[in-house]
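# A structural walkthrough
Single-letter residue listing:
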Amino acid sequence: MKTSVIMPAYNRERYIGSALRSLLRQRMEADLDIIVIDDGSRDGTADVVRSFMREAPEIRLFQKPNGGVASARNAGLTRLLPETAFVSFLDSDDVSPARRFRQDLAILRTDSQLDLTYAQICELDLIDEESLEPAEGSTRHVLRAVQLGSGLYRRKLVESLGGFDEGFVMADDMDFLFRLFEVEPRCAFSDAIAVYYRRHPDNITTNRALMRREFMQACSKSAARRRLNPALADPYRPLNLDYRNAPGPA
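For the structure given in this document, a descriptive report is provided here. (Residues numbered from 1 in each chain as written. Predicted model: local features only at pLDDT ≥ 70, side-chain atom pairs only at ≥ 80, totals over all residues. Heavy atoms only, no water.)

Attention shifts here to the environment of Ser96. With respect to the helices, strands and loops of the structure, Ser96 is situated in the loop between strand E4 (84-89) and helix H4 (100-110). The sequence separation of Ser96 and Ala194 amounts to 98 residues, and the corresponding C-alpha distance is 6.5 Å. In this structure Ser96 touches Ser22, Leu23, Arg25, Gln26, Leu90, Phe101 and Ala194, once residues within four positions along its chain are discounted. (Helix = DSSP H or I, 4+ residues; strand = E, 2+ residues; numbered from the N terminus. Contact = heavy atoms within 4.5 Å.)

A few words on helix H1 (residues 16-24). Since one α-helical turn is 3.6 residues long, residues separated by three or four positions face the same way. Taking burial as the measure, the nine residues of H1 include eight buried ones, the bulk of the element. Within H1, burial applies to Ile16, Gly17, Ser18, Ala19, Leu20, Ser22, Leu23 and Leu24. (Buried < 20%, exposed > 50% of the residue type's maximum accessible area, 1.4 Å probe, protein only.)

Our focus in this paragraph is the packing of H1 against helix H2 (residues 45-53). Running from N to C, H1 and H2 cross one another at 30 degrees; their axes reach a closest spacing of 9 Å. Between H1 and H2, the angle falls in the class roughly parallel. Read as a crossing pair, H1 and H2 show a hand that is right-handed. On the side of H1, the interface is formed by Ile16, Gly17, Leu20, Arg21 and Leu24, while H2 contributes Thr45, Val48, Val49 and Phe52. Taken together, the residues of the contact of H1 with H2 sort by class into six nonpolar, two polar and one charged. (Axes fitted to C-alpha atoms, helices over the stretch in contact; angles between N-to-C directions. Parallel < 35°, antiparallel > 145°, perpendicular 65-115°, else oblique. Left-handed = near helix turned anticlockwise from the far one by under 90°. Nonpolar A, V, L, I, M, F, W, Y, C, P; charged D, E, K, R; others polar.)

As far as function goes, none of this settles anything; it's purely spatial.
Here is the structure:
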């Protein structure tokens with residue numbers, strides 16, 4: 001059974017090599033299918049990916065006109081292989097910790113009734129490019145956040161949600177997770193770290209006004225769904241999220 005990792009990328013020539021290396025170091029622990037969607041990059045992002053593909057058949061690259069991260073993630077979902085059983089996501093500027101998939105796949109295989117695992121992230125500003133671990137002197141903040149890469153999802157759960165809302169610029173992942181937890185999937189919460197979330201000046205989340213606006217839009221859509229269908233659950237509770245004060249997605 002394959003684990004497909006969807007990686008949207010836009011002008012990430014500087015970072016995507018580290019993201020890919022962090023996944024490839026786990027290919028003895030998981031049958032990986034790495035789907036890179038180049039969303040109209042104007043730099044050398046695709047060239048970096050192709051350089052890895054020469055030695056890594058696990059990587060598949062697809063290019064499309066720029067349409068935003070939600071459209072790139074949806075494009076990745078349409079390219080899942082028939083043998084894909086589990087789906088995860090990794091942004092092209094983040095890093096997947098060593099042994100992450102071994103740990104999570106063991107949990108899911110132990111209990112066939114589980115729909116997903118959901119772990120923590122480590123926000124940091126410096127990665128050691130050799131070890132792909134936090135660099136000495138890096139700031140670190142470990143938390144359970146609204147972060148798509150925190151989860152490893154059974155394919156049937158992902159497909160049941162109908163993809164990502166392309167009306168969002170940056171909170172499509174938050175909206176997706178809200179919709180997911182509203183249906184109360186069976187989830188194993190782990191204190192392991194699933195993602196090294198790299199803070200840098202090019203993060204889209206540095207636009208705090210846009211982040212706050214889209215965060216509130218995702219909250220509003222969730223509230224509207226739950227008013228129409230009282231059977232839906234409060235998605236904030238499993239994420240330890242206070243919608244009134246949270247600054248937005250990681």
